[in-house]
Amino acid sequence: MSELMDAYWAAPPMARTLATAIVFVSFSVYFTGFPGYQHIYFTPDLLFRFPPQIWRLVTSFLLSGPKIGLIIHPMWAYQNLSQLEAGHPKFPRKEDVLYYLMTVGSFIIALNYFYFGSYTFLEGLIVAMCYTVTQDQRGQKTNFFFFTVPAQALPYCMLISSLLMGGPFMLELSGILAAHLHDFLFRLWPEFGGGPNLLATPAWVSYLVQTPRILQRDYGTAVRPPTAGATSGRSTGASTGSVLPDSWKTRGAGHRLG
């Protein structure tokens, strides 16, 4: 059990959090009825009513499909977001991934509100992340169920599968359109149109994901140590300027007796 928990906490944090939230919300809705579907789906009428139900901007992306969707949707969400979070060339920082989710999610909401008519959006977000991931994997191969396909064709395979199997085709189409719009405004327009990056991560998003070095607590103040590279000398007792003899500098950290 401890190894399983260690693997869980070692996973990319945003991908881990999203997959966990999908599992928790979906199982709660389908098996306990709390919170009910009426408290999750997106509707502007309740979003802008006082008090505003702003949680719907998030919960509308956390409800998976029933039955097999309870398994494959959290898995696909985790796989795609972890690839974006772990060194994707477009998103070198955590805040870049977070702002991507916010902007693509906003595009999906707008497209469905004005054109496609869906009220929960997880499948659209999954296909959007898949589209973004595979745009930088051209020339590679990947698996879609029992078939091997070019990596960049994977989101379209998901779209065709949804059409043939009666899935949320229009919702997934909105995901592809949202991801393509993000790619155009973020990369294509600056590189080939000579314009500015219209979706550059703003400073306030960076502020949200920064961990403060000094934490105020009710019972005192905790100071986070600097990075590992800056503290390696101190932890071993081998830092420059130490008053210890040379033979003591590699003895490691001291210990109290008693």
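Residues numbered from 1 in each chain as written. Predicted model: local features only at pLDDT ≥ 70, side-chain atom pairs only at ≥ 80, totals over all residues. Heavy atoms only, no water.

(A) View of the state of the cysteines. Applying the stated rule across the entire model yields zero disulfides. Cys157 provides the cysteine sulfur closest to Cys130, a residue in no disulfide bond, and the two sulfurs are 9.0 Å apart. Residue class for Cys130 comes out buried when judged on its relative accessible area of 1%. (Disulfide = S-S within 2.5 Å. Buried < 20%, exposed > 50% of the residue type's maximum accessible area, 1.4 Å probe, protein only.)

(B) Structural detail: unusual backbone geometry. Here the residue pair Phe34 and Pro35 is connected by a cis peptide bond, since its omega of -5° sits within 30 degrees of zero. Here Pro35 shows up in the loop between helix 2 (13-32) and helix 3 (44-47). Positive phi, normally seen in glycine, also occurs at Lys67, with a value near 60°. By secondary structure assignment, the location of Lys67 is in the loop between helix 4 (56-59) and helix 5 (69-85). Judged by its relative accessible area of 76%, Lys67 falls in the exposed class. Even without a glycine there, the phi angle at Phe145 is positive, about 55°. Turning to its location among the elements, Phe145 is positioned in the loop between strand 1 (141-144) and strand 2 (147-150). (Helix = DSSP H or I, 4+ residues; strand = E, 2+ residues; numbered from the N terminus.)

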